Amino acid sequence: MAELEFHPEGAPFSGTIGRTLETSSPAWPATPTAPEGAPNVLMIVLDDVGYGQLSAFGGLCETPNLDRLADRGLRYANFQTTALCSPTRGCLLTGRNHHTLGLSAVTDISLGYPAHNGVMGFEHGFISESLVANGVSTFAVGKWHLTPPQDASQAGPFHRWPLGRGFERFYGFLGGDTDQFHPDLVHDNHWVPQPSQPADGYHLNADIADHAIQFLADLHSVFPAKPWFLYFATGAGHAPHQVEREWIDRYRGAFDGGWDEYRRTVFERQQALGLIPEGAVLPERDPDVPAWESLSDDARRMYARQMETYAGFISQTDHHIGRVLDFVESIGELDNTVVMALSDNGASAEGGEHGTRNESLFFNFAPETLEDNLAVYDEWGGEDTFNHYAWGWTWAGDTPFRRWKRETYRGGITDPLIVSWPAGIAARGEVRHQYVHAIDVAATVLDVVGVDPPSHLRGVEQSPLQGVSFASTFGSADADPVRRTQYFEMMGHRSIYHDGWKATCPFPGPSLAEGIERGHPFGTKLTEELLDRLDAEEWELYDLSSDPTETVDVAADFPDRLAELRDLWWTQARELGVLPLASGSLERLLTKRPQPGGHRDVNVFYPDTAPLPFALSPRVNNRSHRISASVDYAPGDEGVLATHGNRHGGYALFVSGDHLHYAYNYMGIERWTASAVTAIPAGARELAVEVEADTSAGRGLGRGAPFNIVLLVDGTPVGGVRIPTTTPTLLSMVGFSCGYAAYDSVEPTEYLAPFRYSGTLRHVTVDVSGELQTDPAAEMVRIMTQQ
């Protein structure tokens, strides 16, 4: 049989066309073919996992599958990120610096400047786009967090969703975090409900591993020789630290010695692994972290439980990573798969001093006490908590460095990186000390697959890659440095690395207390006057060759070198589009941003449509509003008419037992339900709740305006209640749904999700024309902790 003839796709037809098939010869458009022998690539991106948490990097969270990768490959001791989630992910997937991409921080606090707009231009192509154009299958599962909030609903546009940026399949969540037991899920370009419930064994980590395996199995069943790129991005270890109880119990008593002992133990293990040189010094205790021995017995008991839960979460995550690795091995492809496992930034301090049973308390400036946490000690990490640990464990998790996520000290930017590729890397269990940044990962992936960075993608001329491949280090610990210089900036906190030296200008300060003392606490606007003072007085200098843990500021000893590095930072900032500088100020929060269709006071929703993300849901807190449902009622009809939230906070208007009900959940702490005193008559009805916000009442920290609730049937009051304490800022981490509870139950004792409305529901109208009372400071805290 004759060989088929092909011509490049888009090129002129290379066969011949006569009057009939007899006088014609065929030629087929060629589909892209991967380079000969190209490996698969599995990129595992962990969330908020510090340098000193994984056992592969000396940490006390047991990760045998990541250990296996490290033992079959390389540990990179000097891998750097941006100090924040979305910016690092943009770097990993494009090979450009985060300001170049418009990702100076997260898109929720975008500004109308190229460095800050949160909209990654198509001139900055994703490696998934380059790979799929060269015959590689591309899949993504888990956390995305690269779509602007205004584009994240089913109204689209979808061109900045995963399938719009070169991935052929996607299963996961678009936002910064999600409930591990009741997640907000997207499959390809549409929202989907979770496939089962926690009572049936559901957990998000298992779900995304299942889908990763399914995507690979689908490909292998049809085209086993085709290489693939799998982006596997877990929600772990970002809060909530939720996991099945058996994983928590494995660590019972393991952290009773506290965070000071943890630091000492892990530091010794890191030195034994060769990650940290013998002469390095462990920094003194962070000024924001109390000594473990100074804590009460109750405090130590609670804080130890928080770390037991976090460690169980990480180990369970590793288990499901292992399931994916085992499948790849079962189809005979693990040896020729480049596996890169890394974290996106340092450990997170967003649990505050005590940790929190529900992150919404922290977002809303609500007081968080040890006593509140102790009340849910036994439930910690389960379905009924949305928990985070105390920042003492953050500091411990970033051993051997100082500080944490969002800051450009090494605790915020230096993270674990493991590279395993048995077919391409001869070394086993070795350490590499070359300085590598997240932007270098994309260039390395293209290099090992054999794909040149494209000049154009889908007709768009491409910007140059700013990262460089570090594949040269695979074969030799003594390979030449691949990166001599790298700038850092995160909301005013600045650093620059050059040839073993690092200069840092902390903002607001080296600690929360010192920032306040210096007169520029978190949230301070970065003015020209303040910037001049920071440049003149606040820069620190570290010689990382002799002081890799940044313990001795030698700025006074080397003023000329400090001046050179400071000037180099400004040069880099101008060349790479970092300016204008912007801190995490309230002014930044209050900036007006694009919204789909503009703001509407009256919103009409239809039953069984996809839920809205919380950022696009009608904002009902701290304002009077009205929710009404048009139904054709028949006795026995029941279900949710409208809801926003879950068991950790929110509201629901629903029908049960032929009566209308309204439930309100104050951040999982208190709940109220108003119930109609009369049954709903059969026929066409308007079922409504009118909410009057008493903005004249005293509020206090973490407390919104009290609500006076009135239930109505066809305009006639049938019940009500006064809710004295409401949520001021972030009602819930999940959004609004109509005709069913998309995620979970706001009041699990009254109904169980989805509790879909069983009768005829025509539409629901939400009127939010009442005056909105805001708390800008709480808004900023909310945004900065959801990344």
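This text follows the structure it describes.
Worth saying up front: this structure is predicted, and the values here are computed from it rather than measured. (Residues numbered from 1 in each chain as written. Predicted model: local features only at pLDDT ≥ 70, side-chain atom pairs only at ≥ 80, totals over all residues. Heavy atoms only, no water.)

**Student:** So what about the pairing of strand S3 (residues 40-46)? Which residues, and what values?
**Tutor:** Counting buried residues along S3, seven of its seven residues qualify, which places the element largely inside the surrounding structure. Burial along S3 is two-sided: Asn-40, Leu-42, Ile-44 and Leu-46 and Val-41, Met-43 and Val-45, pointing in opposite directions, are all buried. As judged from the seven bridges shared by S3 and strand S10 (residues 337-343), these two strands associate in the parallel manner. Residue pairing in the sheet places Met-43 in a bridge with Met-340 of S10. (Buried < 20%, exposed > 50% of the residue type's maximum accessible area, 1.4 Å probe, protein only. Helix = DSSP H or I, 4+ residues; strand = E, 2+ residues; numbered from the N terminus. Pairing = 2+ DSSP bridges.)

**Student:** Pulling in residues and values, what's your account of the environment of Gln-197?
**Tutor:** Turning to its location among the elements, Gln-197 is positioned in the loop between strand S8 (190-192) and helix H4 (204-222). Gln-197 gets classed as partly exposed once you look at its relative accessible area, which sits at 31%. With 63 residues separating them in the primary sequence, Gln-197 and Asp-260 have C-alpha atoms 39 Å apart. Apart from the residues lying within four places of it in its own chain, the contact partners of Gln-197 are His-182 and Tyr-202. (Contact = heavy atoms within 4.5 Å.)

**Student:** Let's hear about H4: which residues, and what values?
**Tutor:** For an α-helix the count is 3.6 residues per turn, leaving residues at separations of three or four pointing the same way. Between its first and last C-alpha, H4 extends 28 Å over 19 residues, near the 27 Å set by a 1.5 Å rise per residue. Buried within H4 are the following residues: Leu-204, Asn-205, Ala-206, Asp-207, Ile-208, Ala-209, His-211, Ala-212, Ile-213, Phe-215, Leu-216 and Leu-219. Looking at the buried residues of H4, the elements they touch are strand S5 (137-143), strand S6 (169-173), strand S7 (185-187), strand S9 (228-233) and helix H7 (297-330). (Expected span 1.5 Å × (residues − 1).)

**Student:** For the packing of helix H2 (residues 85-94) against helix H12 (residues 439-449), give the residues involved together with the corresponding values.
**Tutor:** Close contact between H2 and H12 brings their axes to 5 Å; oriented N to C, the two are set at 25°. One finds that H2 runs roughly parallel with respect to H12. Of the two elements, H2 crosses H12, and the hand of that crossing is right-handed. Contacts between H2 and H12 pair Cys-91, Leu-92, Leu-93 and Thr-94 from the former with Ile-439, Val-441 and Ala-442 from the latter. A per-class count over the contact of H2 with H12 returns six nonpolar, one polar and no charged. (Axes fitted to C-alpha atoms, helices over the stretch in contact; angles between N-to-C directions. Parallel < 35°, antiparallel > 145°, perpendicular 65-115°, else oblique. Left-handed = near helix turned anticlockwise from the far one by under 90°. Nonpolar A, V, L, I, M, F, W, Y, C, P; charged D, E, K, R; others polar.)

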